[in-house]
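# Topology and contacts: notes
Spelled out from the first residue to the last, the chains are:
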Amino acid sequence: MWGILVALLSGALMSIQGVFNTEVTKQTSLWVSSAFVQLTAFIVCIIAWAVTDRSDIMALVDVEPKYMLLSGVIGAFITITVVKAMGTLGPARAAMLIVVAQLIVAYVIELLGMFGVDRQPLECRKVIGMGIAIAGIVIFKW
């Protein structure tokens, strides 16, 4: 139950952040807004680290495989693409497409056992569920 609540909160926060970022971008620029988002996220993380766990930051040197450390770079591109999508499609349509893309990519990662994730078998009900989600987008667009 806790995981479901956290996932719902995450989705809600992502939508709110996307709207906020889009509005800040309208008044500044894409790069200024994105840099501000990443900078403030960095500051919050440093404060949270200092207050809560203070684990050894040098443990990052031991992370394997090294490409996993690109998650921050990916985060910057997430910010930029969410802002652009919400600015052109509106929050609801952009969020639906983003969520369906996340679902499809996450399922492919599970199916292929990519990035250290345990490989899962193909299940027709999950493919049907994704099809229904895509159909929902088409219906919503009309």
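Before reading on, note that the structure itself is shown above.
Owing to the predicted nature of the structure, the values given are computational and were not obtained by experimental measurement. Counting from 1, residues in each chain are numbered in the order their sequence is written. Two thresholds apply to this predicted model, a pLDDT of at least 70 for residue-level local features and 80 or more for giving and counting side-chain atom pairs, whereas whole-chain, interface and lining totals are computed over all residues. Only hydrogens and water are removed before side-chain values are computed, so all heavy atoms of the structure are retained for them.

## Some details on the overall build of the protein
Worth spelling out the cut-off: Secondary structure elements follow DSSP: runs of H or I no shorter than four residues count as helices, runs of E no shorter than two count as strands, and numbering proceeds from the N terminus. Exposed residues in this analysis have more than 50% of their type's maximum accessible area, buried residues have under 20%, and partly exposed residues fall in between, with area computed by a 1.4 Å probe over protein chains only. Residue contacts are counted whenever heavy atoms from the two residues lie within 4.5 Å of one another. Accessible surface is estimated by sampling points in the Shrake-Rupley manner with a 1.4 Å probe; for residues, cover comes only from the protein chains shown. Residues scored as charged are limited to Lys and Arg (positive) and Asp and Glu (negative), so that His and the chain ends carry no count. One atom stands in for each charge, and that atom is NZ of Lys, CZ of Arg, CG of Asp or CD of Glu.
Counting its regular elements, the protein contains five helices and zero strands. Starting at the N terminus, the α and β elements of the protein follow one another as α-α-α-α-α. Across its three principal directions, the C-alpha atoms of the protein cover 45 × 45 × 30 Å. Considering the protein as a whole, with its 142 residues, one finds that 15% of them fall into the buried category. For the protein, restricting intrachain contacts to residue pairs at least 6 apart in sequence, the fraction spanning at least 24 positions comes to 54%. When the accessible surface of the protein is totalled, it reaches about 10,600 Å², and 75% of it is carbon and sulfur. With 9 positive and 8 negative side-chain charges, the protein shows a separation of 15 Å between the mean positions of the two kinds.

## Some remarks on the pattern of salt bridges
Inclusion rule: Salt bridges are identified by distance alone: a Lys or Arg side-chain nitrogen within 4 Å of an Asp or Glu carboxyl oxygen.
One pass over the structure, following the stated rule, counts four salt bridges. Between K66 and E64 there is a salt bridge, with the nearest N and O atoms lying 3.6 Å from each other.

## Quick look at helix α4 (residues 91–112)
So the rule is basically this: Take the number of residues in a helix, subtract one, and multiply by 1.5 Å to get its expected span.
Between its first and last C-alpha, α4 extends 31 Å over 22 residues, near the 32 Å set by a 1.5 Å rise per residue. Contact partners of the buried residues in α4: α1 (2–27), α3 (71–89) and α5 (124–141). Two residues or fewer past α4, G113 is found with a positive phi of approximately 65°.

## Remarks on the layout of surface pockets
Cut-off, in case you're wondering: Using protein atoms alone on a 1 Å grid, points that fit a 1.4 Å probe yet trap it form a cavity, whereas open point sets bounded by protein on both sides within 12 Å along at least five of seven lines form a pocket; residues with an atom within 4 Å of a point count as lining. Grid points are joined across faces, edges and corners, and a volume is the space filled by probe spheres set on the points. Side-chain classes follow a simple rule in which Ala, Val, Leu, Ile, Met, Phe, Trp, Tyr, Cys and Pro form the nonpolar group, Asp, Glu, Lys and Arg form the charged group, and the remainder, Gly included, forms the polar group.
Roughly 450 Å³ of internal volume is contained in the largest pocket. Along the walls of the largest pocket sit 13 residues, with F42, C45, L60, S71 and G72 positioned nearest its centre. Those elements giving two or more residues to the lining of the largest pocket turn out to be α2 (30–52) and α3. The leading source of residues in the lining of the largest pocket is α2, at six residues. Taken together, the residues of the lining of the largest pocket break down into nine nonpolar, four polar and no charged.

## Some thoughts on the packing of aromatic side chains
The condition is simple: Centre distance within 6.5 Å is the pairing criterion for rings of Phe, Tyr and Trp, where only the six-membered ring of Trp is used; planes under 30 degrees apart are then read as stacked, over 60 as edge-to-face, and the remainder as tilted.
Enumeration according to the criterion identifies one aromatic pair in this entry. Where Y67 meets F115, the ring centres are 6.1 Å apart and the plane angle is 65°; that geometry is what we call edge-to-face. With Y67 in the loop between α2 and α3 and F115 in the loop between α4 and α5, this pair connects stretches of sequence that are 48 residues apart. On the accessibility criterion, F115 (45% relative accessible area) is partly exposed.

## Topic: unusual backbone geometry
Cis geometry is found at the peptide bond from E64 to P65, where omega equals -10°. Along the chain, the position of P65 falls in the loop between α2 and α3. Phi at R54 is positive, roughly 50°, even though this residue is not glycine. Looking at the element boundaries, R54 is found in the loop between α2 and α3.

## Focus: the packing of α2 against α3
What counts here: To get an axis, a line is fitted to the C-alpha atoms, and for a helix only the part in contact is used. The angle between two axes follows their N-to-C directions and goes from 0 to 180 degrees. Oblique is the label for any angle not under 35 degrees, not over 145, and not in the 65 to 115 range, which are roughly parallel, roughly antiparallel and roughly perpendicular in turn. Crossings are assigned a handedness: left-handed for a near helix turned anticlockwise from the far helix by less than a right angle, right-handed for a clockwise turn.
At a minimum axis separation of 10 Å, α2 and α3 run at an interaxial angle of 130°. As judged from the angle between their axes, α2 and α3 are oblique. In the crossing of α2 with α3, the sense of the turn from one axis to the other is right-handed. Facing L30, W31, S34, V37 and Q38 of α2, the residues of α3 in contact are G75, A76, T79, I80, V83 and K84. Partitioned by chemical class, the residues of the contact of α2 with α3 number six nonpolar, four polar and one charged.

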